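# Architecture at a glance
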Amino acid sequence: MLQDTISVKITKTTNSHIGDVDWDNLPFGRVFSDHMLVMDYSDGEWHQPEIIPFANLSLHPATSAIHYGQSIFEGMKANKAENGDVSIFRPAMNANRFKESCERMCMPTIPEDVFTELVRKTVEIDSNWIPNKEGYSLYIRPFMFATDEFLGIRPSETYKFVIFTCPVGAYYSEPVNVKIEEFYTRASVGGVGRAKTAGNYGAGLYPAKLGQNQGFHQLVWTDGKEHKYIEESGTMNIVFIINGTIITPSEDTDTILRGVTKRSVIEIAKSWGIPVEERKVSVEEVVAAIKNGTMQEAFGAGTAATIAPIAKIGYRDEILELPPVDTFVISTKIKNYLDDLKAGKVEDTFGWCLKV
Ligand SMILES: *Cc1c(COP(=O)(O)O)cnc(C)c1O
């Protein structure tokens, strides 16, 4: 049914709260646009998607996602150019990743072109919520969860898919201090680390809190088996620049989330002739590169911050200092290029921005 016509039933709000928004103070993820898209799955198929006024959901206490964790999400951004043009950054990649998360979590998939079109329509209806200001954007949160009203561990037969959006301010990422985690594990081989599934983030809270108690913003996760190889930083991918080469953990494992931001960084760098190595990156190599001065830059890559430069890395009893962030030439250039691309200031030669 869905592939033939993506007709979305639209009920517009009669009570917009856009006038209540403090546009100069937009804390991330706390301000919500007027509408949301909702689509239900039952009897083996997706039903007509609807855009309705943003409102609470009503849930049965036995809703299976709450108890057994079939719950996945995505995150991407839409931006408004100076001339008012609206575009979404690489939504097809999120559509593909969402499908992979569905499969891993035994949830029904949504055809990728349908997912992208539903995202586009959700952005279109609230396009006046996209701040027309440098660095500001509309964060888009699609998610799906199991809705069977049943206590029993088996894949649910019913699901709810929702998309809502949040206007967000410029993310001034102060340089972060991170700690290499050698005990707790984010993901293990054969697990669900590659899926954007809710439980991964709940499981990371306790080790992250211990790190924060020691003064670190985030953890650098290492592999779950030997804790010898670097995987990610917090909920971002991690990238190093050693001796002019971009080095980042290979996604050739099911323990690393395949980030759209990191992929974009790699593709931009390659197009500029900067060497890129995607491979196993050992803790030992990173520590040695900082100590011998060949580590030039290190940063986290993710949709929220785009690029979050790293200032210090805690390793066992040592605090290793990276070069001052104002010497991060390559990552700054890539970040500026990505910002300009999203803002429509440079030509989209990669064809990454979907016009709304
Ligand atoms: C979402 C996420 C990322 C970043 O992915 P982007 O597509 O760049 O936003 C990296 N790691 C984890 C664990 C994530 O959940």
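Residues numbered from 1 in each chain as written. Predicted model: local features only at pLDDT ≥ 70, side-chain atom pairs only at ≥ 80, totals over all residues. Heavy atoms only, no water.

### So, the nonpolar core
In plain terms, the rule: Within this scheme, the nonpolar core is defined by two criteria: the residues are buried Ala, Val, Leu, Ile, Met, Phe, Trp, Tyr or Cys, and they are joined through side-chain atoms within 4.5 Å. Residue burial is assigned from relative accessible area. The probe radius is 1.4 Å, only protein chains are included, and a residue is buried under 20% of its type maximum, exposed over 50%, and partly exposed in between. Labels follow the DSSP assignment, with helices taken as runs of H or I lasting at least four residues and strands as runs of E lasting at least two, numbered in each case from the N terminus. Contacts are residue-level and defined by heavy atoms, with any inter-residue pair within 4.5 Å sufficient.
Counting 47 residues, the largest nonpolar core has Ile-110, Val-123, Met-144 and Phe-161 as the members making the most contacts within it. Elements represented by at least two residues in this core include exactly β2 (35-42), β5 (71-73), β6 (76-80), β7 (86-89), α2 (91-104), α3 (112-125), β8 (137-146) and β9 (159-168). Contacts of Phe-161, omitting those with residues within four sequence positions, involve Leu-37, Val-38, Met-39, Trp-46, Phe-98, Ile-110, Phe-115, Leu-118, Pro-142, Phe-143 and Met-144. Within the second largest apolar cluster, 22 residues are counted, among which are Val-178, Val-287, Leu-320 and Leu-322.

### Examining the environment of Phe-350
Mapped onto the elements, Phe-350 comes out in the loop between α7 (329-342) and β19 (353-355). Using a relative accessible area of 29% as the deciding quantity, one classes Phe-350 as partly exposed. It is 26 Å that separates the C-alpha atoms of Phe-350 and Cys-166, two residues lying 184 residues apart in sequence. In contact with Phe-350, not counting residues within four places along its chain, are Glu-267, Ile-268, Ser-271 and Tyr-337.

### Details of the pairing of β2
Keep this limit in mind: DSSP bridges decide pairing: two strands pair if at least two such bridges lie between them.
Counting buried positions over the eight residues of β2 gives seven, a clear majority of the element. With six bridges connecting them, β2 and β9 associate as antiparallel partners. Bridging from a neighbouring strand, Val-38 pairs with Val-162 of β9. What sits between the antiparallel neighbours β2 and strand β3 (residues 45-46) is a turn of two residues, in which Asp-43 has the positive phi angle 50°.

### What about helix α4 (residues 198-213)?
For clarity, the threshold we go by: Given the number of residues in a helix, its expected span is that number minus one, multiplied by 1.5 Å. Note on bend: at a given residue it equals the angle between the axes fitted to the 7 residues ending there and to the 7 starting there.
When the terminal C-alpha atoms of α4 are compared, their 24 Å separation across 16 residues agrees well with the 22 Å that a helix rising 1.5 Å per residue should span. Along its length, α4 reaches its greatest deviation from straightness, about 35°, at Leu-205, and the proline Pro-207 lies no more than four positions downstream. If you check which residues of α4 are buried, you get Asn-200, Gly-204, Pro-207 and Gly-211. As for α4, its buried residues are in contact with β10 (176-180) and β11 (218-222).

### A few points about the site of the ligand
Using the following cut-off: We define proximity as follows: a residue is near a molecule or strand when any one of its heavy atoms falls within 4 Å of that partner. N or O atoms within 3.5 Å of each other form a polar contact, as long as, within protein, one can give a hydrogen and the other can take it, and as long as residues adjacent in sequence are counted only when both atoms are side-chain atoms. Using a 1.4 Å probe, the Shrake-Rupley method yields the accessible areas, and only the shown protein chains count as cover for residues. Residue polarity follows a fixed list, in which Ala, Val, Leu, Ile, Met, Phe, Trp, Tyr, Cys and Pro are nonpolar, Asp, Glu, Lys and Arg are charged, and the others, Gly among them, are polar.
Inspection of the region around the ligand gives 14 residues, with Lys-196, Tyr-201, Glu-232, Thr-261 and Thr-303 positioned closest. In the model, an oxygen atom of the ligand is placed 2.6 Å from a nitrogen or oxygen of the Thr-303 side chain. For the ligand, whose free accessible area comes to 380 Å², the fraction covered by protein is 95%. If you list the elements that add at least two residues to the shell around the ligand, you get β13 (236-242) and α5 (260-271). Of the residues in the shell around the ligand, the class split is four nonpolar, six polar and four charged.

### Some thoughts on the domain arrangement of the protein chain
Convention followed: An automatic or database domain assignment is the source of the domain bounds shown. Buried area counts how much accessible surface, traced with a 1.4 Å probe, disappears from two parts once they are put together, with both parts' losses summed. Salt bridges are identified by distance alone: a Lys or Arg side-chain nitrogen within 4 Å of an Asp or Glu carboxyl oxygen.
Assigned domains of the protein chain: these are domain 1 (9-169) and domain 2 (176-342). Once you take the C-alpha centre of each, domain 1 and domain 2 turn out to be 27 Å apart. If you look at the interface, domain 1 gives 21 residues, while domain 2 gives 21 residues. Taken together, both faces of the contact between domain 1 and domain 2 bury some 1800 Å²; the carbon and sulfur share is 59%. A per-residue breakdown of the area domain 1 buries against domain 2 is headed by Phe-73, Phe-89 and Arg-97, which together make up 34% of the total. Where domain 1 packs against domain 2, one counts one salt bridge. Put simply, Arg-90 and Glu-267 hold a salt bridge, and the shortest N to O gap is 3.3 Å.

### Structural notes on the state of the cysteines
For clarity, the threshold we go by: When the sulfur atoms of two cysteines come within 2.5 Å, that pair is taken as a disulfide.
One pass over the full model with this rule turns up zero disulfides. Free cysteine: Cys-106, not disulfide-bonded; nearest cysteine sulfur from Cys-102 at 11 Å.

### Things to note about the pattern of salt bridges
The final tally for this structure, using the stated rule, is 20 salt bridges. The salt bridge partner of Asp-24 is Lys-133, with a shortest N-O separation of 2.9 Å. With Asp-24 in the loop between β1 (9-10) and β2 and Lys-133 in the loop between α3 and β8, the pair connects residues that are 109 residues apart, well separated along the chain. The salt bridge involving Arg-120 is made with Glu-124; its shortest N-O contact spans 3.5 Å. Residue Arg-120 and its partner Glu-124 are both found in helix α3; the two are separated by four residues, about one turn of the helix. Residue classification places Glu-124 among the partly exposed positions, given a relative accessible area of 38%. Through salt bridges that share partners, Glu-117, Arg-120, Lys-121 and Glu-124 make up one connected network.

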